[in-house]
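Examining the three-dimensional arrangement
Here's the letter readout for the chains.
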Amino acid sequence: MNSKFSLERGIYVMGVFIIVIGVLFLFVRSDAVLKFRYFSEQNEDVLFFQESLDGYEKPSYLVLTGTDHKELSESLRIRLENMGKQVKIQPLSVIRSMEDMKEFNSVIVATEQLDVLKDANVLLDFTKSGGSLFFAVRPSPSPVLSAMYQHLGMVEAGNFIETTGIKLEHPLVGKNGRTLFQSDRILNSSLSVRLSPDAKLYASSASGIPIFWTKQYGEGQFIIFNGTMFVSAVEQALFVKGIQLASDEVMTPIVNAHVTELGSFPFAVPDGRSLSEGYTNRDYYRFVVWPELQRIEAKYDLNYTASYLSPKDEVIMQGEASRSQEDLRLYGRELLRMGGELAIQEAVYLNEKERTAVYKDSISRIAEALPSYKVRSTVIPALNKNKVEWESKNIVLTPEFYVKKMGDNVILPKTIEGFAPDVYAQWLALNEIAVSGYYAHTVYPQLFLQGKNIEESFDAFVSFQQQMKREAPWLKNLTLSKAADAAYTYINSDLYEERNGNMITFYATTMRDKAYYYFSSRQSIVSTENCEVEKVGENLYIVEAHKLRFSIRLDGAK
């Protein structure tokens, strides 16, 4: 009797459970869920600030320049400041003794004109006594180089040659990252050199010319980049690696975000059956392309940002609803339910007046299709002189070079495009991950209208997601606006340090909920306070800080 009662009660409980799940499923799939704040408003995290940090250290670097490579020194200055470091720029010619350099964490030579030095022994003495000297561009053959080249780890130094590609001895980030990037677009002017056995090689060209190495000299070390590509802000991963090698420990802020943009989506699809005999073009996108995009999004939790551009010349028959508006309503609502967001795409091919009109029309159309949704983001496909007046506090994805703030707007750079990024694009993505813990990837579903093979494109897209998951599994997949929120500390905060024996305490000036950093150390980590660490590469960790003050205790740090 009791057994029968238990069985019947279990059936009732199971039935109620199924009904509840069914109701929740219908609710989630309904438009009612779109009225919640999660879909329509920004989540305001608590901000923390601390102002008085007198007496604490902010790491400082000296950049030595010449009359050449002025763009290089400026590019390195911006990169170091984005890494949270103080920077002083001086001509190499004014250096008279090692006393001129001893106050800096590291000295960077951003000129190939070593012969402006009165005495080459100045650089040798500085390094021998414990300094780190980083050559950020290959030096020109000169009497000074002839006096130094053996101390720099070179057995022979010849003439300049053009080198292509990069072969890494170890992944820059991650434990399973790629080490060979064979592309003619990865270009350097290099010295033809042969290294001594006691030089430690970190990277060479695809043909085997040494590109990046270190050499111990006395109590210090030389770090040599035998190339010219650091002038490009998008190819500075090895520069950041050099800064990490130059000091026992280096802490730098990162964004920790990956953005996936669906460019110009949703978009008007022409009539006909050119894409498939079994479907109209519109149904083909609805029942073939879109479900595959959804499947990939769900598998890799990509949280798409779709950049919408209102149709320019849409013809609407009398008595019919706008097909593009129906598609915007359909795809937009499904996108939000998936955790994605809609952004406005700027019409760069129009003049300023026309672009502004299209921008406002796009906002108006989204407001009609999604009445409770607030657009926070704008995407600019290409740089242009004329600029639309964006709404205040907008997030802008653009072909800029740095994550930064411009007025009230947060600027996030585009990184790569295409369902199947080539080797050079993958190199650019790795660079952005290594320097700022961020990259943005744009794909254009409308390319299938031009005869692109959908199966091959999606296979390549999945392969790339798998590869990036192996190389940087810690990166958070975020929408564009949430990536801008994640960049708050990276953009707005300064970071100071206090050392006490084997304990390093860090002080951030501001933080939104939590902040992320790359921390490089030659010593192992014993314990932490107010932060969590995870090893993500050779002597490299990602740090998640929970408070403005956080500490790391090292094993054997001086």
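The structure presented is a predicted model; accordingly, all values stated were derived computationally and were not measured. Throughout this description, residue numbers start from 1 for each chain and increase along the sequence as written. For a predicted model such as this one, the threshold for reporting local features is a pLDDT of at least 70, and the threshold for listing and counting side-chain atom pairs is 80 or more; totals across whole chains, interfaces and linings nevertheless cover every residue. The side-chain quantities take in all heavy atoms of the structure and omit both hydrogens and water.

**Observations regarding the sheet that holds strand β13 (residues 249–254)**
This is how the line gets drawn: At least two bridges found by DSSP between two strands are what make those strands a pair. Secondary structure is summarised from DSSP: a helix means a run of H or I of at least four residues, a strand means a run of E of at least two, and numbering begins at the N terminus for each. All axes here are fitted lines through C-alpha atoms, helices being fitted over the stretch that makes contact, and every angle between N-to-C directions spans 0 to 180 degrees.
Taken in spatial order, the four strands line up as β13-β26-β29-β28 in an open sheet, and their pairing is antiparallel. With one partner strand each, in any of the chains shown, β13 and β28 (531–537) form the two edges of the open sheet. Adjacent strand axes in the sheet meet at a mean angle of 25°, parallel and antiparallel pairs treated alike. By the bridge criterion, six bridges tie β28 to strand β29 (residues 540–545) in an arrangement that is antiparallel.

**Focus: the sheet that holds strand β19 (residues 404–406)**
On the basis of which strands lie adjacent, the open sheet formed by nine strands has the order β19-β20-β18-β17-β16-β15-β14-β22-β21 and mixed pairing. The sheet terminates laterally at β19 and β21 (416–417), the two strands that pair on one side only. When strand β15 (residues 305–308) meets strand β16 (residues 341–345), the two strands line up parallel, connected through four bridges. The residue of β16 that forms the bridge with Ser307 is Ala343.

**Digging into helix α10 (residues 423–436)**
Note the threshold: Here, expected helix span is obtained from the residue count minus one, scaled by 1.5 Å. Polar contacts, as used here, are pairs of N or O atoms within 3.5 Å; protein pairs need one atom able to donate a hydrogen and one able to accept it. Residues neighboring in sequence count only if both atoms are side-chain atoms.
Between the first and last C-alpha of α10 there are 20 Å, a value that for 14 residues agrees with the 20 Å anticipated at 1.5 Å per step. In this structure Asp422 caps α10, since a side-chain oxygen of it lies 3.3 Å from the backbone nitrogen of Tyr424. Downstream of α10 by one or two residues, Gly437 has phi in the positive range, about 60°.

**A short note on unusual backbone geometry**
Pro266 follows Phe265 through a cis peptide bond whose omega is -5°. Relative to the helices and strands, Pro266 is located in the loop between β14 (257–262) and α7 (281–300).

**Concerning the pattern of salt bridges**
Short version of the rule: Salt bridge criterion: a side-chain nitrogen from Lys or Arg within 4 Å of a carboxyl oxygen from Asp or Glu. Note on exposure labels: buried denotes an accessible area under 20% of the residue type's maximum, exposed denotes more than 50%, and partly exposed covers the range between, all computed with a 1.4 Å probe on protein chains only.
Applying the stated criterion across every chain yields a total of 23 salt bridges. Of the charged contacts in the structure, one is a salt bridge between Lys215 and Asp198, with a shortest N-O distance of 3.5 Å. With Lys215 in strand β11 (residues 210–217) and Asp198 in the loop between β9 (187–195) and β10 (200–204), this pair connects stretches of sequence that are 17 residues apart. Its salt-bridge partner being Arg355, residue Glu346 comes within 3.0 Å of it at the nearest N-O pair. For Glu346, a relative accessible area of 2% gives the class buried. On the basis of relative accessible area, Arg355 is assigned to the buried category, the value being 2%. Shared partners join several salt bridges into a network, and the residues in it are Glu74, Arg77 and Glu81.

**A look at the packing of aromatic side chains**
Our working definition: Pairing of aromatic rings covers Phe, Tyr and Trp, the last counted by its six-membered ring, and requires centre-to-centre distances within 6.5 Å; plane angles under 30 degrees mean stacked, over 60 mean edge-to-face, and any other angle means tilted.
Evaluation of the coordinates by the stated rule reveals 27 aromatic pairs. Aromatic pair Trp474 and Tyr518: ring centres 6.5 Å apart, planes at 80°, arrangement edge-to-face. Separated by 44 residues along the polypeptide, Trp474 in the loop between α11 (454–471) and α12 (480–486) and Tyr518 in strand β26 (residues 515–521) bring together distant segments of the chain. Judged by its relative accessible area of 10%, Trp474 falls in the buried class. Taken together, the ring pairs connect Phe265, Phe267, Tyr279, Tyr284, Tyr285, Trp290 and Tyr331 into an aromatic cluster.

**A look at the nonpolar core**
The cut-off we apply is this: The set of buried Ala, Val, Leu, Ile, Met, Phe, Trp, Tyr and Cys residues whose side-chain atoms join them within 4.5 Å is what this entry labels a nonpolar core. Every residue pair with non-hydrogen atoms within 4.5 Å of one another is taken to be in contact.
Among the nonpolar cores identified, the biggest contains 55 residues, and Ile108, Phe212, Phe230 and Leu238 are the most heavily contacted of them. Among the elements that take part in this core, α10 stands out by supplying nine residues, more than any other. Ignoring any residue separated from it by four or fewer positions in sequence, one finds Phe230 in contact with Leu72, Ser75, Leu76, Phe134, Ala136, Phe225, Glu235, Gln236, Leu238 and Phe239. The next biggest cluster of nonpolar side chains, apart from the first, holds 34 residues, and it includes Val289, Trp290, Tyr304 and Tyr373.

From the geometry alone we can't say anything about function, so treat these as descriptive.
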